[in-house]
Amino acid sequence: VSGAAISHESAHKGEVNGIMISPDCRHVISCGEDGSCCVFEIMEGGSKTEVAYTVHPSESSMRSLAFSPSSPSSSSRSSSSFFACNDEGSVFGWELATGRLVYKAKHHSASARCVTIGREGELLVSCGWDGMVVVKPPSGPVAQSHLHSLSGSSVTSRAESVCILSHPGTAN
């Protein structure tokens, strides 16, 4: 097996909570207990990696990562971005190419545990230990909903993950 190991000691001070590869397979992003997200460039067909930059938006643990095909502040929709959430209930977004912060909002009153974004970048969704799922466009007002079980009763456990499923009438 060939490839390059990414040492988290060079990127994070503590545990790594999440990792994701960019849709173009040119970057790996990790998020950690130290409140940072590290962007690695993948080079030489995956046999070498290098830290491109690190963003450190908070002292609170970063919990989850998601990629968007476009940046919320970009009118060209050609600039990809990534999002992360933290234990303070906030969600952050950065342009992948520059590391420029393009989104910051408090989505939850407790730890935000997971963030995801729609295939076209049209919806940003997060869930948290406050029992809320937040659904919003990356540049619009926040809409919150209590989690409900299939029987209609409120979910009392902590939300840990969220995903966006395709509507049965749409192509995957």
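See the structure printed just above.
Every value quoted in this text rests on a predicted model; they were computed, and no experiment measured them. (Residues numbered from 1 in each chain as written. Predicted model: local features only at pLDDT ≥ 70, side-chain atom pairs only at ≥ 80, totals over all residues. Heavy atoms only, no water.)

Colleague: Account for the sheet that holds strand β1 (residues 16-21), naming residues and giving values.
Modeller: The strand order across the open sheet built from 4 strands is β1-β2-β3-β4, with neighbouring strands paired in antiparallel fashion. Of all strands in the sheet, those bounded by a partner on one side alone are β1 and β4 (48-55). Each strand of the sheet is rotated relative to its neighbour by a mean of 20 degrees, with strand direction disregarded. Where β1 meets strand β2 (residues 27-32), 5 bridges bridge the pair, whose relative direction is antiparallel. By the bridge assignment, Ile-19 is partnered in β2 with Ser-30. (Pairing = 2+ DSSP bridges. Helix = DSSP H or I, 4+ residues; strand = E, 2+ residues; numbered from the N terminus. Axes fitted to C-alpha atoms, helices over the stretch in contact; angles between N-to-C directions.)

Colleague: Go over the side chain of Asn-86 with me, naming the residues and quoting the values.
Modeller: Counting through the fold element by element, Asn-86 comes out in strand β6 (residues 81-86). In terms of polar contacts, Asn-86 uses its side chain to reach the backbone amide nitrogen of Glu-88, at 3.1 Å. Of note is the side chain of Asn-86, whose polar atom sits 3.0 Å from the backbone nitrogen of Ser-90. Excluding residues that lie within four positions of it along the chain, Asn-86 makes contacts with Ser-58, Ser-60, Ser-61, Met-62, Arg-63, Phe-92, Ser-111 and Ala-112. (Polar contact = N/O pair within 3.5 Å; in protein donor to acceptor, adjacent residues only side chain to side chain. Contact = heavy atoms within 4.5 Å.)

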